[in-house]
Amino acid sequence: MKRLLEYVGFEPERLYVKWISGSEGQKFADTATEITENIKKLGPNKKMRDAQ
Amino acid sequence: MSKETELVRNKAKELLEDGDVELVVGYEEGTYPSRTTPLFADTLEKAERLIWNPFCVNSLPKLLSKGHFEDKLAVFVKGCDSRTVIRLLQDNQLDRDEVIVLGIPCNGNVDLDKIKDKVDITTIIEVEVTNNGVNVKTEGSTEELSREEALYDKCLDCRFPNPVIADEVIGNEVSELPKNKNKDDEVASLANKSVAEKNEFWEAHFERCLRCYACRNACSACTCRDCLFDRDERSTWLAKGKTLSDNEAFHITRAFHVAGRCVDCGECERVCPVGIPVQKLNRKISLDMDNLFGIGEIATSEDDIDNPPPLGTFLTEDPEEFM
Amino acid sequence: MSTKAIDKNKLSELLNSLLFKQTLIAPVEAEEDILLFKNVESADQVVLDYQNTITPVKDWFFSQTEELFEFKNKITELEINDLPATDGEYILFGARPCDLKSVELLDLVFDEDGEFSDSFYKEKRDRTTIIGLSCSEPGAYCFCNSLDGLSPTATCNADIMLTEMDGDYLVEVLTDKGEKLVSDNSSYFSDKYSEEDKETRTEEIVSNMKLTVDVDDIEAIMQKEDVYLSDYWQELSLKCLGCAVCTYICPTCHCYDIRDYSRGNAGIRYRCWDSCMFNDFTEAAGDHNPRPTRRERVRQRFMHKLRFFDERYGDTGCVGCGRCLEKCPVNLDITRVISDVKELA
Amino acid sequence: MSKNPLRPYPATITEVRDESVGIKTFKVVLDDEEMMKDFNQEPGQCAQLSIMGVGEAMISITSPRTRSEYLEFSIAAVGKLTDVIHELEEGDKIALRGPLGSSFPYQKMQGKDLVFIAGGIGLAPLRSLINFVFDNREDYGHVDIIYGARSPKHLCFKEELFETWPSIDDVDLYLTVDGTDEDDNWDGRTGYVPDYLKDVDPDPEGRITVTCGPPIMIKFVLEALQDMGFEDEQIITTLELNMKCGIGKCGRCNIGNKYICLDGPVFDLTEIKELPIDKEL
């Protein structure tokens, strides 16, 4: 999926897929923080902006 | 009458006469001798209308996948179409015992859109396709064209000129075809472009999409009776309206749905009225699937019928890029 | 009203000058060999020697997707508002006679007098001046000449009609709107041609038509019960893929769907093209479907074009543009259907 | 700019009544008073009801214009939109446009005896005409109402069936149910509507019949009426198909040269016989 989205012109950083077990609370929090920071750096998505 | 046409008619008549089948599915002349249209011959009279030439392009097995036919039938297939047969058998859309597959080796199909500026397509009498080029004979003259100038793009990169499944092969086997085009290289070169360039490329194409769903309806892998795109009233993420993002969502979703099931027949791209390079999407997915699951080319022999598509099964050794 | 002439190079000057004041919609090449009517920014983009665009000009008057109104809703509050009306004037340049005729037919559907006149269609129609362009070279699948009142140079409801001559265009000024455009830009036009010149040119062009079909009595034949119930439709439906190419590129098909886009407490209602070829088109609640198989759907399409449209509006619903037979993935050919049906009767 | 024919107008639900199993009746008033006063629906006409963000459906107006201060709709929950409508309560908003479609030929019926034959929710479109007739009682002759439902619980408009209508002069009511459950306190007839019609056996002379119900019931009623000697013009029914625009353009409900939403839903049998139909609708 990541590969295809990248191919059609999405920034690859916009899609995260990660396996986190229910017991890995810290890993989940860290991942969410990491994603948020990266997305902030990327700025708003320019693709598919005309969606209603 | 060409030699192939004669063979096709004789075979059809023989099968109908002997009562081996009730119906023979082939092609007849369409609007012009250079245009063909499917023919469902259930009588000897109709079998006399069958033809075979390099204009016999659309995939016939797809027309049989609706469960409309109760009687035993025979169908003519080219190499690409024969992979569709395997695809449909994998999905239980065809019953192997009820279909006689008549394979015909193919050198490539002629694209009327490509040659219409060079010859008057209404006057074409005969066309011969060889490894070296394409000779188009019209009422007035003979035009010698290169394969690139005359054949469908999908045929320029053909890896299966001979049927991979057939109860009988009619005509001589084709030796290896010249590679006039390399789709995989095209995919790679597009993939190597910048995010912005890729975006621009696809948006220009998706913007034109009419959402006529010809690509879906012609697709060998699209066999759902009830397609999600017809059920969009129930989904909130993909609207029927034609906007760039809905068009884009449609194409990305469709590409995923055929992942590991696309047989690269190229019909999607051929039937698109607005020239969207659909196959460039599907081929990318096929290459990714091979890369991830090592499946290579799918639907290349009768043995593949029992190989389930990789995304339809789970194996513990499946790759997990996200762990 | 009057016949004039315009030089080829002056035509593009004229288009460029019109562009300043009005929006120009004209055939452009969106991709190799893919011609579409689009908003044009410069006359250089306009393609003059094309045969048929992929989508017909109906796309301009009856957009594939049209927003109908906006709403804000909560359970006990509801506000519905029309969207701001379009303003400005438009010029539709380069419509071929088949497409011109189709606008005449769509007028019967959308622009009728009465309370249900389609305001969206009508608004665009009233604000658009149509400059038609005769076909100099009919395409391989064109058969307009077989239909009543149509030919590669028919003016139909154009305001101005151009016909390519040797080095220039014969200009027919046909309506008040056309008259206004020509008098506002009189320096571009000269008085070189007469009606006779047009007739001569028409004969010349017609002689190049490749495809003809005899449509005489087709409506009466389609009315016969035997024809309606014939096995022919079943046979024909076997090769149909059930996609909507034929209906979406057809200049006279006018079916649409109505849907809502909504997010939170607000949204819009829009309509979009729909097709009688889709299997869920007539499906009602409870999965009841009066056209349950491809047989009924294929029959409906041809019946509607060749019989029902005529019965209701007094004109055949086909304009002979040839798009459907050319673009149909399996070449399901309306000219062949017409001759086959005649055999049935 | 001319009026947007696809735009509905806000309205308020002023009453919700449970009618029968899965059917509710909604009393609706347009928020714009002028518009409400001018609505002026003819008996048998429909309106498009919308819930924004969900969709729109053509529903027959079950109240007559002689009671012009409100509009009533009896709705069975059979799909996405009607399910949402069923959740609405008094005071909630809905959107509405209309009146749409053809009406019963109530002028042609004047001075005639009338037979109404309905099954299940098929009584809803007839109810607007029945009440219109009763509000103009002296213009019409004898009235027979033959009505059936799956079970006593499925009978709609019970108050009118058992109280209002029987008390009106020169009216005969014939009620029947397909079957009963143990808890039904039913001492009336059990059986199908077409059979009851045959037993009632109305004389075709000077009579007009109006029927609406499930397709299979309509089929047998039409056959029975013709057998009894009714002419095609004396037999009036309503057709229903999936409709969208309601104004004869979107193509969904096209049969032959007719659009059911615009030229229908009311047709007499002469008109129906002219339509190209190769199977039951």
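Residues numbered from 1 in each chain as written. Chains lettered and ligands numbered in written order. Predicted model: local features only at pLDDT ≥ 70, side-chain atom pairs only at ≥ 80, totals over all residues. Heavy atoms only, no water.

How should the overall build of chain C be read in this particular structure?
The secondary structure content of chain C amounts to 13 helices and 11 strands. Computed over the C-alpha atoms, the radius of gyration of chain C is 22 Å, within 12% of the 20 Å expected from 2.2 N^0.38 for a compact globule of 345 residues. Over its C-alpha atoms, taken along the principal directions, chain C stretches across nearly 65 × 60 × 40 Å. Relative to its full complement of 345 residues, chain C shows a buried share of 62%. Partitioning the intrachain contacts of chain C with sequence separation of at least 6 by distance along the chain shows that 72% fall at a separation of at least 24. Here chain C has roughly 13400 Å² of accessible surface; of this, 43% comes from carbon and sulfur atoms. In chain C, 39 side chains carry a positive charge and 67 a negative one; their mean positions are 4 Å apart. (Helix = DSSP H or I, 4+ residues; strand = E, 2+ residues; numbered from the N terminus. Rg over C-alpha atoms; globule rule 2.2 N^0.38 Å. Buried < 20%, exposed > 50% of the residue type's maximum accessible area, 1.4 Å probe, protein only. Contact = heavy atoms within 4.5 Å. Areas by Shrake-Rupley, 256 points an atom, 1.4 Å probe, with all protein chains shown as cover. Lys, Arg positive; Asp, Glu negative; His and termini not counted. Charge placed at Lys NZ, Arg CZ, Asp CG, Glu CD.)

Is there a simple way to think about the confidence of the model for chain D in this case?
Caution applies to low-pLDDT regions: their predicted coordinates should not be interpreted in detail. All names here are of chain D. Residue-level pLDDT values for chain D average 92, and 99% of them are 70 or greater. The secondary structure element of chain D with the lowest average pLDDT is strand 13 (residues 254-255), at 90, and the one with the highest is strand 7 (residues 113-119), at 96. Two numbers describe this predicted complex: its pTM, 0.92, and its ipTM, 0.89. (pLDDT = per-residue confidence, 0-100.)

Just checking my understanding: could you explain the pairing of strand 6 (residues 93-100) of chain D for this structure?
The side chains of a regular strand alternate between both faces of the sheet. All names here are of chain D. When you tally the buried positions in strand 6, you get 7 out of 8 residues, the bulk of the element. Across 4 bridges, strand 1 (residues 9-20) lies against strand 6 in antiparallel orientation. Note that in strand 6 the partner of Pro10 across the bridge is Ala95. (Pairing = 2+ DSSP bridges.)

How do you make sense of the sheet that holds strand 3 (residues 34-39) of chain C when you look at a structure like this?
One key point about sheets: their strands pair by backbone hydrogen bonds, in either a parallel or an antiparallel sense. Residues and elements named next belong to chain C. Taken together, the 7 strands give an open sheet; going across it, the order is 1-9-8-7-6-2-3, and neighbouring strands pair in mixed fashion. If you trace the sheet from one side to the other, it starts and ends with strand 1 (2-7) and strand 3, each paired once. Across this sheet, the average inter-strand angle for adjacent strands is 25°, counted without regard to direction. Examined bridge by bridge, strand 2 (residues 23-31) and strand 6 (residues 90-95) share 3 bridges and lie parallel to one another. (Axes fitted to C-alpha atoms, helices over the stretch in contact; angles between N-to-C directions.)

Mind showing me how you'd approach the interface of chain C and chain D here?
It is common to report an interface's size as the accessible area lost on association of the parts. Contact residues are listed per partner, giving 54 residues for chain C and 48 residues for chain D. Counting the surface lost from both chain C and chain D, the interface buries some 4100 Å², and carbon and sulfur atoms represent 55% of this. Put simply, chain C and chain D have 6 salt bridges between them. The salt bridge involving Lys244 of chain D is made with Asp257 of chain C; its shortest N-O contact spans 2.9 Å. Scanning the region where chain C abuts chain D turns up 23 residue pairs in polar contact (both at pLDDT 80 or more). Sorting the residues of the side of chain C that touches chain D by element identifies strand 4 (65-74), strand 5 (77-81), helix 3 (97-110), helix 4 (119-126), strand 10 (256-263), strand 11 (266-273) and helix 11 (294-313) of chain C as the ones contributing at least two each. Of all the elements, helix 11 of chain C adds the most residues to the side of chain C that touches chain D, at 9 residues. (Buried area = accessible area lost by both parts, 1.4 Å probe. Salt bridge = Lys/Arg side-chain N within 4 Å of Asp/Glu carboxyl O. Polar contact = N/O pair within 3.5 Å; in protein donor to acceptor, adjacent residues only side chain to side chain.)

Looking at this structure, I do not really get the arrangement of the chains. What am I missing?
No other pair among the 5 pairs of chains in contact exceeds the contact count of chains C and D. Nothing in chain A touches chain D; the tightest C-alpha to C-alpha distance between them is still 12 Å.

Where do I start with the sheet that holds strand 8 (residues 168-169) of chain B in this structure?
Residues and elements named next belong to chain B. An order of 2-1-3-4-8 is seen for the 5 strands of this open sheet, with the pairing classed as mixed. The sheet is open, and its two edges are formed by strand 2 (36-41) and strand 8, each paired on a single side. Note: strand 4 (residues 99-103) against strand 8, 2 bridges, orientation parallel. Looking at the pairing, Leu102 lines up with Glu168 of strand 8. The strands touched by helix 3 (residues 79-90) are strand 1 (23-29), strand 3 (73-77) and strand 4; relative to strand 3, the strand with the most contacts, the crossing angle is about 135°.

I tried to follow the environment of Ile51 of chain B on my own but got confused; where do I start?
Assignment of secondary structure puts Ile51 of chain B in the loop between helix 2 (44-47) and strand 3. When near neighbours in sequence (up to four residues on either side) are disregarded, Ile51 of chain B contacts Thr5, Val8, Arg9, Tyr27, Glu28, Glu29, Thr36 and Cys56 of chain B.

Looking at this model, I keep getting lost on the environment of Asp31 of chain D. Mind explaining?
By the element assignment, Asp31 of chain D lies in the loop between strand 2 (23-30) and helix 1 (33-37). Each C-alpha atom of the pair Asp31 of chain D and Ala124 of chain D lies 24 Å from the other, and the pair is 93 residues apart in sequence.

How do you make sense of the pairing of strand 5 (residues 71-76) of chain D when you look at a structure like this?
Residues and elements named next belong to chain D. With respect to burial, strand 5 is a largely interior element, 5 of its 6 residues being buried. Pairing of strand 2 with strand 5, which is carried by 6 bridges, proceeds in the antiparallel orientation. Along strand 5, the bridge assignment pairs Val28 with Leu71.

What's the story with helix 1 (residues 3-17) of chain B in this structure? I'm lost.
Given 3.6 residues per turn, any residue in an α-helix points the same way as the ones three and four places further on. Residues and elements named next belong to chain B. The end-to-end C-alpha distance of helix 1 is 21 Å, a good match for the 21 Å that 15 residues give at a rise of 1.5 Å each. Residues of helix 1 that are buried: Thr5, Val8, Arg9, Lys11, Ala12, Leu15 and Leu16. Around the axis of helix 1, the buried residues are gathered within 165° of arc, so they sit on the same side. Residues Lys3 and Glu17 are exposed on helix 1 and point more than 90 degrees away from its buried face. Residues of helix 1 that are buried make contact with strand 1, strand 2, helix 2, strand 3, strand 4 and strand 8. (Expected span 1.5 Å × (residues − 1). Arc of directions from axis to C-beta.)

What exactly am I supposed to notice about the packing of aromatic side chains here?
In this description, a pair of aromatic rings is defined by centroid distance and the angle of the planes. Going through the model one piece at a time under the given rule, you end up with 26 aromatic pairs over all chains. Seen in terms of ring centroids, Phe229 of chain B and Phe250 of chain B are 4.7 Å apart; in terms of plane orientation they differ by 75°. Their pairing is edge-to-face. Of this pair, Phe229 of chain B sits in the loop between helix 9 (214-217) and helix 10 (244-257) while Phe250 of chain B is found in helix 10, placing the two residues 21 residues apart along the sequence. Across the pair, Phe250 of chain B and Phe229 of chain B agree in class, each one buried. Both rings, one in Phe309 of chain C and one in Tyr313 of chain C, keep their centres 4.8 Å apart while their planes meet at 45°; by these two values the pair is tilted. Here Phe309 of chain C and its partner Tyr313 of chain C are both found in helix 11, 4 residues apart, which amounts to about one turn of the helix. Classification of Phe309 of chain C by relative accessible area gives buried; the value is 3%. A network of ring pairs unites the aromatic residues Tyr213, Phe229 and Phe250 of chain B together with Phe61, Phe62, Phe110, Tyr121, Tyr248, Tyr256, Trp273 and Phe278 of chain C as a single cluster. Cation over ring: Arg83 of chain B sits above Phe160 of chain B, and NZ or CZ is 4.3 Å from the ring centre. (Phe/Tyr/Trp six-rings, centres within 6.5 Å; stacked < 30°, edge-to-face > 60°. Lys NZ or Arg CZ within 6 Å of the ring centre and 35° of its normal.)

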